[in-house]
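Close look at the chain arrangement
Below, each chain spelled out in residue letters.
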Amino acid sequence: MGLFFQKLLAIDRRWIFILLGLVVVVPTYHPLNLPGLKASPNVRAVYDTIENLPEGSKILVSFDYDPASMPELAPQATAVLTHCFRKKHKVVAMGLWVTGVAMAKESLNTTSKEAKAVYGEDWVYLGWKPGSVAVIAAMGSDIHNCFPKDAAGADVGSLKLMQRVKKLSDFDLVVSFAAGSPGIDTWIAYGSDKYKFKITGGTTAVNVPSMAQYVQSGQMIGLIGAMRGGAEYELLVKKPGDATAGMDAISLAHYLIVLLIIIGNIAFFISRKRKGAAS
Amino acid sequence: MTILGAWIAVGLTLFMFSFLYKDNPFYKFGESLYVGIALGYSLVRLWYQTWIDKVWEVLKSDASGKWWVLLPVAIGLLLLTRFVPKVSWLSRWAFAFLIGYGSGMAIPAILTTSIVKQAEATAKPLVSMPDKSEAAKKSVDGAKAAWDKAKAAEPTETDAVRATRIRYEEARSRTEYTFVTAYRDLTTLAIFIGVFSVLFYFFFSIEHKGPVRIFSRIGILFLMIYFGASYGNTAMGRFSLLYGRVLTLKKFGGGDYYYSTGILVVVMIGVLTALHFKNRGKEERA
């Protein structure tokens, strides 16, 4: 038995990669529909905020992520945009990450087409501007000066929706989907705390512990965390998507990791005990 | 074009995954391509969004009225003097500007956001006192009415009904001492102990022994919980990324894309096996 555990501790890590690959690949091709998905209070807070805004409210959505975080944040963005368009809110989108431009366009095009939202009236995409902190500061006083043209090159002043929005405080809500900095913390430090607007958002799993402090302090309303948060939001808007489909794979991968940690600890302590007895 | 794009996406995903087997030419190619494309893309976007939009177009439209846009350009160019030792001192002007501007922007904002507001949230009363105001009472009545209405509309507790019940319980917990109030106070106490014990753990001006040691040990416990939560979240994040790639492989692996995933997996396994046998002798000699 002791020898078995010693061998287990020295196992080639590629076996673990294969196991992990299997538990992710199998449910992707054959969904198990595991139960237990419920909206957490933080996700519900984001949903309630958007739900309770009067129709036609102006929402700024900032896509602050890159392709590396797409599986976690794109489902969140799509679910939130679906909700915004369904409630007939006006969406102005932009990004602080240069590599996020294409993903923002994809989410916006898909959701606006589904909702039959009209560009320029119901939504606008301003694109990306370099400077992060400087961009937020400039938007605080004059968005039109900061973004004279939208992502497609059209004069921002000529867009009907943008005629109603001049500065950050004109927005009823700012939503940031952030994979790091610049992101939610930047929007809070240089935006909401100074220009006094409501802010919420979603972030990657890695960033959830460091962003949760802003929810607890009341500096932001709710937080959508990782793919799980995206799945919860999809549940609330009753439109299952990539995040909901991924929950089986994520859950099984977690079970496997927990199991491996337990086995690894048992093997470690038994081997140590045997070594101690032998010496 | 879409099909070619799908094959490239699948191929590059498999190239990167091949590192899990071992370092190999596929992985090296994929990695170099990624770095090159990311840098090239960023440079082109920066060129258009900064130089063309903020300088070139502005000067083209009104060169005499907006000549001052050349000032930041000049400051930026001073950074390049680092490469000429004789005049490299000029770059200090650019750095001075960057540091001055950056500090001026960051210090007040970070102080307010990360220290003052966080301290405010930490320094809450440890025991909640009931709010006896009329406004609070009205808020409870309103929340109760909303819950009753939701219950009447849907007898079973759906998510929507549950949300109204939670809102009512929240409102009630502010006017009288309920289970929710006790839970909130307990959370406040946990935050209070957590913040101070962790601060104590990093306080080295007095020796950690006796009660100080016990308190700082509690600080370690809080830190461990934070690290555990961070690790758990990191693992979850990585699984999500893996799932995202698997989803791409599944999406582009069907007949519409000429079975790109299956074909490329077989080709890669074949090439890696051939490489393994080709390099076996060399590796053994090394």
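To keep things clear, this report deals only with the structure shown in the data block.

About the criteria used
- Residues numbered from 1 in each chain as written.
- Chains lettered and ligands numbered in written order.
- Predicted model: local features only at pLDDT ≥ 70, side-chain atom pairs only at ≥ 80, totals over all residues.
- Heavy atoms only, no water.
- Axes fitted to C-alpha atoms, helices over the stretch in contact; angles between N-to-C directions.
- Helix = DSSP H or I, 4+ residues; strand = E, 2+ residues; numbered from the N terminus.
- Parallel < 35°, antiparallel > 145°, perpendicular 65-115°, else oblique.
- Left-handed = near helix turned anticlockwise from the far one by under 90°.
- Contact = heavy atoms within 4.5 Å.
- Nonpolar A, V, L, I, M, F, W, Y, C, P; charged D, E, K, R; others polar.
- Buried area = accessible area lost by both parts, 1.4 Å probe.
- Salt bridge = Lys/Arg side-chain N within 4 Å of Asp/Glu carboxyl O.
- Polar contact = N/O pair within 3.5 Å; in protein donor to acceptor, adjacent residues only side chain to side chain.
- Buried < 20%, exposed > 50% of the residue type's maximum accessible area, 1.4 Å probe, protein only.
- Pairing = 2+ DSSP bridges.
- Right-handed = clockwise from strand over helix to strand, strands pointing away.
- Phe/Tyr/Trp six-rings, centres within 6.5 Å; stacked < 30°, edge-to-face > 60°.

Moving on: the packing of helix 1 (residues 2-9) of chain A against helix 11 (residues 242-278) of chain A. All names here are of chain A. At a minimum axis separation of 9 Å, helix 1 and helix 11 run at an interaxial angle of 125 degrees. Taken together, helix 1 and helix 11 sit at an angle that is classed as oblique. In this structure, the crossing between helix 1 and helix 11 has a hand that is left-handed. In this structure, helix 1 contributes Gly-2, Phe-5, Gln-6, Leu-8 and Leu-9 to the contact, and helix 11 contributes Ile-263, Gly-264, Ile-266, Ala-267, Phe-268, Ile-270, Ser-271, Arg-274 and Lys-275. A breakdown of the residues in the contact of helix 1 with helix 11 according to their chemical character gives 8 nonpolar, 4 polar and 2 charged.

Our focus in this paragraph is the interface of chain A and chain B. Each partner contributes to the interface: chain A provides 53 residues, whereas chain B provides 46 residues. For the pair chain A and chain B, the summed buried surface comes to about 4,200 Å²; carbon and sulfur atoms form 64% of the total. Counting the contacts that link chain A with chain B gives 3 salt bridges. Seen at the junction of chain A and chain B, the total is 10 residue pairs in polar contact (both at pLDDT 80 or more). Ranked by residues supplied to the side of chain A that touches chain B, first place goes to helix 11 of chain A with 8 residues. In terms of residue class, the side of chain A that touches chain B is made up of 33 nonpolar, 11 polar and 9 charged.

This part covers the pairing of strand 1 (residues 58-64) of chain A. Along a regular strand, successive side chains alternate from one face of the sheet to the other. Residue and element names in this part refer to chain A. In terms of burial, strand 1 is largely enclosed, as 7 of its 7 residues are buried. Neither face of strand 1 is open: one carries Lys-58, Leu-60, Ser-62 and Asp-64, the other Ile-59, Val-61 and Phe-63, and all of them are buried. Across 5 bridges, the pairing between strand 1 and strand 2 (residues 90-95) is parallel. Its bridge partner lying in strand 2, Ser-62 is registered against Met-94. For the segment spanning strand 1, helix 4 (residues 70-86) and strand 2, crossover handedness is right-handed.

Tallied over the entire structure, the rule returns 18 aromatic pairs over all chains. Seen in terms of ring centroids, B:Trp147 and B:Tyr168 are 5.5 Å apart; in terms of plane orientation they differ by 20 degrees. Their pairing is stacked. Note that B:Trp147 is positioned in helix 5 (residues 134-153) and B:Tyr168 in helix 6 (residues 159-175), a separation of 21 residues in sequence. Comparing B:Trp147 with B:Tyr168 shows no difference in burial state: the two are buried. Site record: aromatic cluster; members linked through ring pairs are A:Phe63, A:Tyr65 and A:Phe177.

Attention shifts here to the sheet that holds strand 4 (residues 173-178) of chain A. Residues and elements named next belong to chain A. Strand order across the open sheet formed by 6 strands is 3-2-1-4-5-6, with parallel pairing between neighbours. Since the sheet does not close on itself, it has two edges, and those belong to strand 3 (123-128) and strand 6 (224-225), each with one partner. Both strand 2 and strand 3 contribute to a ladder of 4 bridges, which runs parallel. Note on strand 3: the bridge partner recorded for Val-91 is Trp-123. Of the strands in this sheet, strand 1, strand 2, strand 3, strand 4, strand 5 (199-203) and strand 6 are in contact with helix 4, which crosses strand 4 at around 160 degrees.

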